[in-house]
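Given next are the chains, with one letter for each unit.
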Amino acid sequence: MGTYNPAMQKATLAAVESDAHGLISKRTAELDGVSVTEVTFAVGARWSHDLKDYAGTDLCQLPHVAYVVAGTLGVQMTDGSTEEFSAGDVMLLPPGHDAWAVGEQDCRFLEFSRGNDYYSA
């Protein structure tokens, strides 16, 4: 079993400055050993349009474990398989995917990771 900080911790996402790339924005709250990132795909957002150049890869190569808070996120994997994740869904996305906001509502999800590994900067 890994180590953890036994002290209670608190962070407020609304107090964190947003980092935007095209129609996709994120804000990350750091706790000891865990990062929580609020990601918003605005209507019309698509990873391959908004983040591809920034990431330097054709598809997103990072894994994601997240809870969808609002809207719907469409995802296509390297093998062509697709899925939609809507408010209330929990998703695990392996590396090698594209993603986009579905419909006329922004998609917002909370991602949980060990360390700050959402984007390399």
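Residues numbered from 1 in each chain as written. Predicted model: local features only at pLDDT ≥ 70, side-chain atom pairs only at ≥ 80, totals over all residues. Heavy atoms only, no water.

The protein appears in an unreviewed UniProt entry as (S)-ureidoglycine aminohydrolase cupin domain-containing protein from Pseudonocardia petroleophila.

Novice: Run through the overall build of the protein, naming residues and quoting values.
Specialist: What the protein contains, in helices and strands, is two helices and nine strands. Seen in sequence order, the protein has helices and strands lined up from the N terminus as β-β-β-α-α-β-β-β-β-β-β. A compact globule built from 121 residues would reach a C-alpha radius of gyration of about 14 Å, and the protein, at 14 Å, matches this within 12%. C-alpha extents for the protein along the principal axes are approximately 40 × 30 × 30 Å. In the protein, buried positions account for 37% of the 121 residues. The contacts in the protein between residues at least 6 apart in sequence include a share of 58% that link residues at least 24 apart. (Helix = DSSP H or I, 4+ residues; strand = E, 2+ residues; numbered from the N terminus. Rg over C-alpha atoms; globule rule 2.2 N^0.38 Å. Buried < 20%, exposed > 50% of the residue type's maximum accessible area, 1.4 Å probe, protein only. Contact = heavy atoms within 4.5 Å.)

Novice: Tell me about the pattern of salt bridges, and please be specific about residues and values.
Specialist: Under the counting rule described, the total for this entry stands at four salt bridges. Arg 46 is the partner of Asp 98 in a salt bridge, and the nearest nitrogen-oxygen pair spans 2.9 Å. Here Arg 46 lies in the loop between strand E3 (34–41) and helix H1 (47–50) and Asp 98 lies in strand E8 (residues 97–101), a separation of 52 residues in the sequence. One salt bridge connects Asp 58 with Lys 52, and the closest N-O pair in it is separated by 3.4 Å. (Salt bridge = Lys/Arg side-chain N within 4 Å of Asp/Glu carboxyl O.)

Novice: Describe the sheet that holds strand E6 (residues 82–86), and please don't skip the residues or the numbers.
Specialist: Consider a sheet: its strands pair through backbone hydrogen bonds, and that pairing is either parallel or antiparallel. Spatially, three strands are ordered E6-E5-E8 in an open sheet, and the strand pairing comes out antiparallel. Strands with a single pairing partner mark the edges of an open sheet, and in this sheet they are E6 and E8. Looking at each pair of strands side by side, their axes are set apart by 20 degrees on average, direction ignored. The pairing of strand E5 (residues 72–77) with E8 spans five bridges and is antiparallel. Counted as the bridge partner of Met 77 is His 97 from E8. (Pairing = 2+ DSSP bridges. Axes fitted to C-alpha atoms, helices over the stretch in contact; angles between N-to-C directions.)

Novice: Tell me about the nonpolar core, and please be specific about residues and values.
Specialist: Judged by nonpolar contacts, the single largest core of 19 residues is most densely connected at Phe 41, Leu 73, Val 75, Met 91 and Phe 109. Put simply, the parts of the chain that give this core at least two residues each are E3, strand E4 (64–70), E5, strand E7 (90–93), E8 and strand E9 (107–113). For this core, the element with the most residues is E5, which contributes three residues. Residues within four places of Val 75 in sequence aside, it is in contact with Ser 81, Thr 82, Glu 83, Phe 85, Leu 93, His 97, Asp 98, Ala 99 and Trp 100. (Core = buried A, V, L, I, M, F, W, Y, C linked by side-chain atoms within 4.5 Å.)

Novice: Help me get a handle on a nonpolar patch on the surface, residues and values and all.
Specialist: Together, Tyr 67, Val 69, Val 90 and Phe 112 make up an exposed nonpolar region whose accessible area comes to about 360 Å². Structurally, Tyr 67 is set in strand E4. Overall, the relative accessible area of 38% leaves Tyr 67 in the partly exposed class. (Patch = residues over 30% accessible without salt bridge, like charges linked within 9 Å, V, L, I, M, F, W, Y side chains within 5 Å. Areas by Shrake-Rupley, 256 points an atom, 1.4 Å probe, with all protein chains shown as cover.)

Novice: Pulling in residues and values, what's your account of the side chain of Ser 113?
Specialist: Along the chain, Ser 113 turns up in strand E9. Look past the residues within four positions of Ser 113 in its chain and what remains in contact with it is Gly 33, Val 34 and Ser 35.

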